[in-house]
Amino acid sequence: MSQTKTFYYKFNPINVWMIFNAVLFIMILHCCIVCPCLLFWWQTQVIIGVFIFSTLAWGYKYVLKHKMAVIDDEGITIDHCNKLPWKDVENAEEKTIRCWFKKYDVIVLNPKKGIDYKYNFLQRHNCGFTAFSIPLYPIVRKEDIKEIRDILSKKVKFKKA
């Protein structure tokens with residue numbers, strides 16, 4: 001039986017989006033208390049709809065757990081992609097890539113030439129990231145990064161930057 005280890009993204013929920021939702025909530029609450037008849041205006045109803053949608057989207061991103069990688073003895077699954085078997089990985093290396101005006105540290109899994117793998121849309125069109133990139137920036141806990149490095153160094157050849 002193989003041991004499976006799952007790693008999750010860790011997003012910081014205190015941000016501008018949360019402040020936007022809080023301001024909308026206070027605005028709607030003030031509207032309900034001071035002048036409840038404004039709730040019948042279509043503009044107020046649009047603001048309430050935006051608040052509900054924004055709060056649900058914020059909750060989806062920051063309250064639910066999102067898988068970053070699932071690693072087992074057979075291979076690695078990154079995000080919602082197909083599993084990449086270890087036999088198809090040539091090596092892993094740490095790189096710094098640029099995306100827009102920021103630099104990000106990632107671990108890149110370099111596949112062997114001619115593997116039979118069904119790439120999804122995001123793997124084919126992903127800015128400076130390669131098809132098999134594991135983030136090392138603050139959306140992943142430091143303990144998880146260390147554990148991922150340890151596991152990858154045991155499974156494939158690992159080049160440090």
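Structure first, text after, so check above.
The paragraphs below set out a description of the structure included in this document. Computed from a predicted structure; not experimentally measured. (Residues numbered from 1 in each chain as written. Predicted model: local features only at pLDDT ≥ 70, side-chain atom pairs only at ≥ 80, totals over all residues. Heavy atoms only, no water.)

## Quick word on the sheet that holds strand 1 (residues 5–8)
The strands that make up a sheet pair up through hydrogen bonds in the backbone, lying either parallel or antiparallel.
Moving on, step 1. Read across the sheet, four strands follow the order 1-2-3-4 without closing on themselves; strand pairing throughout is antiparallel. For this open sheet the edge positions go to strand 1 and strand 4 (84–85), each flanked by a neighbour on one side alone.
Moving on, step 2. The pairing of strand 3 (residues 75–78) with strand 4 spans two bridges and is classified as antiparallel. Paired with Ile76 across the bridge in strand 4 is Leu84.
Moving on, step 3. Where helix 4 (residues 142–155) meets the sheet, it contacts strand 1 and strand 2 (67–71), and its direction lies at approximately 140° from that of strand 1. (Pairing = 2+ DSSP bridges. Helix = DSSP H or I, 4+ residues; strand = E, 2+ residues; numbered from the N terminus. Contact = heavy atoms within 4.5 Å. Axes fitted to C-alpha atoms, helices over the stretch in contact; angles between N-to-C directions.)

## As for the packing of aromatic side chains
Moving on, step 1. All told, the structure shown has 10 aromatic pairs when counted by the stated rule.
Moving on, step 2. With 5.0 Å between their ring centres and 70° between their planes, Tyr117 and Tyr119 make a pair best called edge-to-face.
Moving on, step 3. A residue is classified by how much of its surface remains accessible, and Tyr117, at 10% relative accessible area, is buried.
Moving on, step 4. Taken together, a centroid distance of 5.8 Å and an interplanar angle of 45° make the contact between Tyr119 and Phe132 tilted. (Phe/Tyr/Trp six-rings, centres within 6.5 Å; stacked < 30°, edge-to-face > 60°. Buried < 20%, exposed > 50% of the residue type's maximum accessible area, 1.4 Å probe, protein only.)

## Some remarks on helix 4
Each α-helix winds once per 3.6 residues, and so residues spaced three or four apart point in a common direction.
Moving on, step 1. Helix length check: helix 4, at 14 residues, gives a terminal C-alpha distance of 20 Å against a target of 20 Å (1.5 Å per residue), a fit within 8%.
Moving on, step 2. Restricting attention to buried positions, one finds in helix 4 the residues Asp144, Ile145, Ile148, Ile151 and Leu152. Along the axis of helix 4, the buried residues cluster in a sector spanning 130°; they form a single face. Summarising the geometry of helix 4, the exposed residues directed more than 90 degrees from the buried face are Lys142, Glu143, Lys146 and Lys154.
Moving on, step 3. Of the surrounding secondary structure, the elements contacted by the buried residues of helix 4 are strand 1, strand 2, strand 6 (102–111), strand 7 (133–135) and strand 8 (158–159). (Expected span 1.5 Å × (residues − 1). Arc of directions from axis to C-beta.)

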